[in-house]
Amino acid sequence: MSTSETGPQFTEGVANGEVRYDLEDFIRASGIPPLEAHEMFTKYGPYKSDLDPLIKARAEQHMDLMK
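Residues numbered from 1 in each chain as written. Predicted model: local features only at pLDDT ≥ 70, side-chain atom pairs only at ≥ 80, totals over all residues. Heavy atoms only, no water.

Draft legend 1. Broad picture of the overall build of the protein. Regarding its fold elements, the protein presents four helices and zero strands. Reading the protein from its N terminus to its C terminus gives the helix and strand order α-α-α-α. When each of the 67 residues of the protein is scored for burial, the buried share is 18%. A separation threshold of at least 6 residues defines the contact pool for the protein, and within that pool the share at least 24 residues apart is 42%. (Helix = DSSP H or I, 4+ residues; strand = E, 2+ residues; numbered from the N terminus. Buried < 20%, exposed > 50% of the residue type's maximum accessible area, 1.4 Å probe, protein only. Contact = heavy atoms within 4.5 Å.)

Have a look at this one:
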């Protein structure tokens, strides 16, 4: 797939406030094990607006377990 084929979709998403993660970037940004990050990415999609709240909730849940 050429850049010209994917460019409009990505640009449209950014214009609508929907910024996407690349899988590798998501794995790095999430700080969770790669397999778990891959499963989340596959299940919930690439959009930061969908994934960031899940990462935050996961972190809060883990902090509660540490108490």
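Draft legend 2. Summary view of the nonpolar core. Ranked by size, the top nonpolar core spans eight residues in total: Y21, F26, I32, A37, M40, F41, L51 and I55. Put simply, the parts of the chain that give this core at least two residues each are α3 (34-44) and α4 (48-66). Take this core: its biggest share by element is three residues, from α3. Not counting the four nearest positions on each side in its chain, A37 is found in contact with F26, I27, S30 and I32. (Core = buried A, V, L, I, M, F, W, Y, C linked by side-chain atoms within 4.5 Å.)

Draft legend 3. Broad picture of the packing of α3 against α4. Put simply, α3 and α4 touch, their axes get as near as 10 Å, and they point 140° apart. Classified by the angle between their axes, α3 and α4 sit oblique to one another. In the crossing of α3 with α4, the sense of the turn from one axis to the other is right-handed. Across from E36, M40, F41 and Y44 in α3, the residues of α4 making contact are D50, L51, L54, I55 and R58. (Axes fitted to C-alpha atoms, helices over the stretch in contact; angles between N-to-C directions. Parallel < 35°, antiparallel > 145°, perpendicular 65-115°, else oblique. Left-handed = near helix turned anticlockwise from the far one by under 90°.)

Draft legend 4. Expanded view of α4. Taking 1.5 Å of rise per residue, the 19 residues of α4 would be expected to cover 27 Å, and the 27 Å separating its terminal C-alpha atoms lies within 8% of that figure. Turning to α4, the residues buried within the fold contact α2 (23-30) and α3. (Expected span 1.5 Å × (residues − 1).)

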